[in-house]
Amino acid sequence: EQVPDLHFVGAAAGSVCIPLQRLAPDGSLSDNITDWALKQFTAHYKAAEPSPPPSPSGRGSKRKIGKADIFHYCYAVLHDPLYREKYAQNLKREFPRIPFYPDFWRWAEWGEQLMQLHIGYEAVEPFALIRNDAPDVKARAAGMHPKALLKSDPSAGSITLDSETTLRGVPPEAWAYKLGNRCAIDWVLDQHKEKKPKDPTIREKFDTYRFADHKEKVIDLLQRVTTVSVETVKVVQAMQATAR
């Protein structure tokens, strides 16, 4: 178990964390999907879906909805672009209300796919971006690291890391996956920029971060985030083509 960062999206913003389970003071785990919610989903989809033909064994072939399935379903709905557009004003003011879409299992499977991508982003296959290196002669001659830039150019499909290295071949759909008002790639770049602390004491004693020390790890992360972005957009596009 890990304590979530309540200021993940910024020091002045409070993130709302709704996990599948929560840890009680006595150390036990409690479900955030209530028994009431499970009953509502089960009753709705039992009534909405036609009964399947009997199996040779005489047992029913319907899958039984569980709390984890509902959790995945909700995660998918919250990524549905039509839902987000229709209820944009409500989502700014209150907790989301989850509709009952046709074909529960399709949405639950989409949600599980997205969750595996977003939680396991460090383990996905790195996207084959093209790396171009051109030595910064002036910086090297002066005994300095290349100048950190960390800029993206969606129109060119490129990411300029520093005065020596550029990544090319970023597909257009990779820029479409956004976290808030910025794409995931730009979030990664922003978090790895060299920023001088305003406080002189902090600047003197703790200004030790240098992008050059983490460059190779950032390149690997950008390749994986590109894969996550592309695969996420594929799922979202499939949602858009589905009748509600």
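S.K.: Honestly, the packing of helix H1 (residues 35–48) against helix H2 (residues 67–77) in this entry has me stumped. Any pointers?
M.R.: Each pair of packed helices can be summarised by the angle the axes make with each other and by the distance between the axes. Running from amino to carboxyl end, H1 crosses H2 at an angle of 80°, the nearest separation of the two axes being 10 Å. Judged by the angle between their axes, H1 and H2 are roughly perpendicular. Residue-level contacts link Asp35, Ala37, Leu38, Phe41 and Tyr45 of H1 to Lys67, Ile70 and Tyr73 of H2. Here the residues of the contact of H1 with H2 are counted per class, giving 6 nonpolar, no polar and 2 charged.

S.K.: I keep staring at the sheet that holds strand E3 (residues 130–133) and nothing clicks. Help me out?
M.R.: The pairing of strands in a sheet comes from backbone hydrogen bonds and takes either a parallel or an antiparallel form. With antiparallel pairing, 4 strands are arranged side by side in an open sheet as E3-E6-E5-E4. Of all strands in the sheet, those with a lone pairing partner are E3 and strand E4 (148–153), marking the two edges. Each strand of the sheet is rotated relative to its neighbour by a mean of 15°, with strand direction disregarded.

S.K.: Explanation requested: the packing of aromatic side chains in the structure shown.
M.R.: Overall, the coordinates contain 12 aromatic pairs when judged by the stated rule. For the pair Phe41 and Tyr45, a centre-to-centre distance of 6.2 Å together with 25° between the ring planes defines the contact as stacked. Of this pair, Phe41 and Tyr45 both sit in helix H1, 4 residues apart, which is roughly one turn of the helix. Note on Phe41: relative accessible area 7%, which makes it buried. On the basis of an interplanar angle of 65° and a centroid distance of 5.9 Å, the ring pair of Phe41 and Phe104 is categorised as edge-to-face. Placement of Phe41 in helix H1 and of Phe104 in helix H5 (residues 104–119) is noted, with a sequence separation of 63 residues between them. An identical accessibility class is assigned to Phe41 and Phe104; each is buried. Put simply, the rings of Phe41, Tyr45, Tyr73, Phe100, Phe104 and Trp105 pair up and form one aromatic cluster. Above the face of the Trp105 ring, Arg63 is positioned so that its terminal group lies 3.8 Å from the ring centre. Over the face of the ring belonging to Trp187 we find Arg182, whose NZ or CZ atom lies 4.1 Å from the ring centre.

S.K.: Help me out: how do you make sense of the packing of H5 against helix H9 (residues 215–240) in this one?
M.R.: The interhelical angle for the contact between H5 and H9, taken along N-to-C directions, is 165°, at an axis separation of 10 Å. When the axis of H5 is compared with that of H9, the two are roughly antiparallel. Pair H5 / H9 crosses with left-handed handedness. Only Val228, Glu231, Thr232, Val235, Ala238 and Met239 of H9 make contact with H5, whose side of the interface consists of Trp107, Trp110, Gln113, Leu114, Leu117 and His118. Of the residues belonging to the contact of H5 with H9, the class tally is 8 nonpolar, 3 polar and 1 charged.

S.K.: Hey, could you run me through the pattern of salt bridges in this one?
M.R.: The final tally for this structure, using the stated rule, is 15 salt bridges. Asp190 serves as the salt-bridge partner of Lys195, at 3.6 Å between the closest nitrogen and oxygen. Taking the relative accessible area as the measure of exposure, Lys195 reaches 51% and is therefore exposed. Sharing partners across several salt bridges, the network here consists of Asp31, Asp35 and Lys67.

Rules of the game
- Residues numbered from 1 in each chain as written.
- Predicted model: local features only at pLDDT ≥ 70, side-chain atom pairs only at ≥ 80, totals over all residues.
- Heavy atoms only, no water.
- Axes fitted to C-alpha atoms, helices over the stretch in contact; angles between N-to-C directions.
- Helix = DSSP H or I, 4+ residues; strand = E, 2+ residues; numbered from the N terminus.
- Parallel < 35°, antiparallel > 145°, perpendicular 65-115°, else oblique.
- Contact = heavy atoms within 4.5 Å.
- Nonpolar A, V, L, I, M, F, W, Y, C, P; charged D, E, K, R; others polar.
- Pairing = 2+ DSSP bridges.
- Phe/Tyr/Trp six-rings, centres within 6.5 Å; stacked < 30°, edge-to-face > 60°.
- Buried < 20%, exposed > 50% of the residue type's maximum accessible area, 1.4 Å probe, protein only.
- Lys NZ or Arg CZ within 6 Å of the ring centre and 35° of its normal.
- Left-handed = near helix turned anticlockwise from the far one by under 90°.
- Salt bridge = Lys/Arg side-chain N within 4 Å of Asp/Glu carboxyl O.

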